[in-house]
Structure formats: structure tokens, C-alpha cells
Amino acid sequence: PFYEIFLDVPVDELKKRDPKGQYARVESGELKHFTCIDDPYEEPLNPEMTLKTHELAIEESADMLFRMLENDGVLEGAPKLTPPG
């Protein structure tokens, strides 16, 4: 099956999380056509799941996703693994 998962995160939060400095390059004018800044972004109309990762811990987001996959039988027969940490 195909699932569309929308990670709904404000642009200001994306800028804070930017490990490559891409948003700084956009703001300086060095990088053009960057999604959500000077190129449009259209949110999905009907995603199967929306995760507001700026409001959820990584573990919470992962748990929600795995729970959906388990409920839908996608992980049927898969070994139960506990993530490290």
C-alpha cells in the first residue's frame, strides 16, 4: 500500500532544524527556488496521517506511524523491535 504522511512543521521550525544551512543560503540570496520560501508548496489534501513533529517527540511520531501500519496489517508477521535508546 501507499501512504501519504504529511509532516506539518512551520517554516520557522524548519529553519531551526536545518543542518545544512540551506535556509541561510536562501535568505542570503545564494540559493533560489526553495520550497516554502520562494517556490510554492501545496499541502496534501487527504494524507493518511499528519504528524506535527514540532509538537511531538520523535518517539511519539514513530509510535503513531507504526501503530497505523500495525492496525492496517502492513506489519503483520514482522518481528517486534524496540528502537534503540
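What counts and how
- Residues numbered from 1 in each chain as written.
- Predicted model: local features only at pLDDT ≥ 70, side-chain atom pairs only at ≥ 80, totals over all residues.
- Heavy atoms only, no water.
- Helix = DSSP H or I, 4+ residues; strand = E, 2+ residues; numbered from the N terminus.
- Rg over C-alpha atoms; globule rule 2.2 N^0.38 Å.
- Buried < 20%, exposed > 50% of the residue type's maximum accessible area, 1.4 Å probe, protein only.
- Contact = heavy atoms within 4.5 Å.
- Areas by Shrake-Rupley, 256 points an atom, 1.4 Å probe, with all protein chains shown as cover.
- Lys, Arg positive; Asp, Glu negative; His and termini not counted.
- Charge placed at Lys NZ, Arg CZ, Asp CG, Glu CD.
- Phe/Tyr/Trp six-rings, centres within 6.5 Å; stacked < 30°, edge-to-face > 60°.
- pLDDT = per-residue confidence, 0-100.
- Salt bridge = Lys/Arg side-chain N within 4 Å of Asp/Glu carboxyl O.

Secondary structure assignment for the protein chain yields 3 helices and 2 strands. Written out in order from the N terminus, the α and β elements of the protein chain read β-α-α-β-α. Rg of the C-alpha trace for the protein chain: 17 Å, well past the compact-globule value of 12 Å for 85 residues, more than 25% over. Along the first, second and third principal axes, the C-alpha atoms of the protein chain reach 50 × 35 × 20 Å. With 85 residues in all, the protein chain has 18% of them scored as buried. A separation threshold of at least 6 residues defines the contact pool for the protein chain, and within that pool the share at least 24 residues apart is 58%. Taken as a whole, the protein chain presents about 6,900 Å² of accessible surface, with 54% of it coming from carbon and sulfur. Put simply, the protein chain has 9 plus and 19 minus side-chain charges, and the middle of one group is 6 Å from the middle of the other.

Moving on, we get to the packing of aromatic side chains. All told, the structure shown has 2 aromatic pairs when counted by the stated rule. Centre to centre, the rings of Tyr23 and Phe34 are 4.9 Å apart; their planes meet at 80°, and the pair counts as edge-to-face. Of this pair, Tyr23 sits in helix α2 (residues 22-27) while Phe34 is found in the loop between α2 and β2 (49-51), placing the two residues 11 residues apart along the sequence. Residues Tyr23 and Phe34 agree in their burial class; the two are buried.

Attention shifts here to the confidence of the model for the protein chain. Averaged over all residues, the pLDDT of the protein chain is 89; the fraction at 70 or higher stands at 91%. Here α2 stands out as the least confident element of the protein chain, with mean pLDDT 91; β2 is the most confident, with 97.

In the structure shown here, the tally under the stated rule is 6 salt bridges. Residue Lys52 pairs with Asp8 through a salt bridge whose shortest N-O separation is 2.8 Å. Taken together, the residues span a long stretch of sequence, with Lys52 in the loop between β2 and α3 (58-71) and Asp8 in the loop between β1 (5-7) and α1 (11-17) at a distance of 44 residues. On the accessibility criterion, Lys52 (34% relative accessible area) is partly exposed. Overall, Asp8 belongs to the buried group, its relative accessible area being 18%. Between Arg17 and Glu13 there is a salt bridge; the shortest N-O distance is 3.1 Å. Residue Arg17 and its partner Glu13 are both found in helix α1; the two are separated by 4 residues, about one turn of the helix.

Turning our eyes to something else, we now look at unusual backbone geometry. Positive phi, normally seen in glycine, also occurs at His33, with a value near 60°. At Cys36, a position not held by glycine, the phi torsion is positive, near 80°.

Inspection of the secondary structure assignment puts Pro19 in the loop between α1 and α2. Looking at Pro19, the relative accessible area reads 78%, which means it is exposed. Along the primary structure Pro19 and Lys32 are separated by 13 residues, whereas in three dimensions their C-alpha atoms are 18 Å apart.

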